[in-house]
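Structural features, examined
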Amino acid sequence: MDTITPQQLEAEGSAAYRQGDFSKAAASFAAAQGGYETAGDELKSAEMANNRCVALLKADEPQAALEAVEGTIAVFRLAGDDRRHAMALGNRASALEALGESQAAMADFQESADLLKKVGADDLRMDVVKSLSALQLKTGHPIEALATMQAGVQGISKPNLKQRLLERLVSLPGRLMGR
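Keep in mind the model is a prediction, meaning the values are calculated, not measured. (Residues numbered from 1 in each chain as written. Predicted model: local features only at pLDDT ≥ 70, side-chain atom pairs only at ≥ 80, totals over all residues. Heavy atoms only, no water.)

1. Re the overall build of the chain
- Within the chain, the secondary structure is distributed over ten helices and zero strands.
- Counting over 179 residues, the chain shows a buried share of 39%.
- Restricting to contacts in the chain with at least 6 residues of sequence separation, those with at least 24 account for 46%. (Helix = DSSP H or I, 4+ residues; strand = E, 2+ residues; numbered from the N terminus. Buried < 20%, exposed > 50% of the residue type's maximum accessible area, 1.4 Å probe, protein only. Contact = heavy atoms within 4.5 Å.)

2. A word on the packing of helix α1 (residues 6–18) against helix α2 (residues 22–38)
- Taken N-terminus to C-terminus, the directions of α1 and α2 make an angle of 160°; their axes are 8 Å apart at the nearest point. Taken together, α1 and α2 sit at an angle that is classed as roughly antiparallel. Both α1 and α2 take part in a crossing whose hand is left-handed. Contacts between α1 and α2 involve Pro 6, Gln 7, Leu 9, Glu 10, Glu 12, Gly 13, Ser 14, Ala 16 and Tyr 17 from the first element and Phe 22, Lys 24, Ala 25, Ser 28, Phe 29, Ala 31, Ala 32, Gly 35 and Tyr 36 from the second. (Axes fitted to C-alpha atoms, helices over the stretch in contact; angles between N-to-C directions. Parallel < 35°, antiparallel > 145°, perpendicular 65-115°, else oblique. Left-handed = near helix turned anticlockwise from the far one by under 90°.)

3. Thoughts on the environment of Glu 12
- The topology assignment puts Glu 12 in helix α1.
- With 20 residues separating them in the primary sequence, Glu 12 and Ala 32 have C-alpha atoms 9.3 Å apart.
- Residues in contact with Glu 12, not counting those within four places in the same chain, are Lys 24 and Ser 28.

4. Details of the packing of aromatic side chains
- Applying the stated rule across the entire model yields one aromatic pair.
- Plain terms: the ring middles of Tyr 17 and Phe 22 are 5.2 Å apart, the flat faces sit at 65° to each other, and that makes the pair edge-to-face. (Phe/Tyr/Trp six-rings, centres within 6.5 Å; stacked < 30°, edge-to-face > 60°.)

5. Some thoughts on the pattern of salt bridges
- What the rule picks out here adds up to eight salt bridges.
- Linking Arg 84 and Asp 81 is a salt bridge whose minimum nitrogen-to-oxygen distance equals 2.6 Å.
- In this structure Arg 84 comes out as partly exposed when scored by relative accessible area, which is 22%.
- On the basis of relative accessibility, which here comes to 19%, the residue Asp 81 falls in the buried class.
- In this structure, Glu 97 engages Lys 138 in a salt bridge whose closest nitrogen and oxygen atoms are separated by 3.5 Å. A residue pair is termed long-range when its members are at least 10 positions apart, and Glu 97 in helix α6 (residues 82–98) and Lys 138 in helix α8 (residues 122–138) qualify at 41 residues.
- Bridged by salt links that share partners, the residues Glu 10, Lys 44, Glu 47, Asp 81 and Arg 84 form one connected network. (Salt bridge = Lys/Arg side-chain N within 4 Å of Asp/Glu carboxyl O.)

6. Quick notes on unusual backbone geometry
- You will see that Asp 60, though not glycine, has its phi angle at about 60°, which is positive.
- With respect to the helices and strands, the residue Asp 60 is situated in the loop between α3 (42–58) and α4 (62–69).
- Asp 60 sits in the exposed class, given a relative accessible area of 65%.

7. Some points on α4
- Every buried residue of α4 is listed here: Pro 62, Ala 65, Leu 66, Ala 68 and Val 69. Down the axis of α4, the buried set is contained in an arc of 160°. They therefore lie on one face.
- Turning to α4, the residues buried within the fold contact α3, α5 (72–79) and α6. (Arc of directions from axis to C-beta.)

This is the structure in structure tokens:
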């Protein structure tokens, strides 16, 4: 009998995710997480928990997603892995937002964006900033939403065409007000 490795389970989860079978992806990532944990690879195990969180969010299971990601933030922080720490915070923020916990979600999105800026992950940071700005807008904070988006696009070291256009768009209200 062939033993299935955590790497195979991870690949199976990724394939199921790409095919839109989010429940199967979550189950495969959970199995991979356990396999990596058994092998003593704590970082890879935490990464699988994050993948599972994303799949569970797509499967519209935000409480399970929150439970999946909870322990991973400390693992990445203690390891000094700022990029994956930021991604875990962003995943938790998405789960919190789906559960209606807007204030906690905004705090996690902000911390995630700050870490992503620190590591120079501009594209990922822009995704987080967009999520934070959209949540601020949804919760009745349009000025903060605009300021967040402005800060997000201004923090990009080498903006692409789309990002330059967005920067011009979000600066428009200030220019119209004579600033």
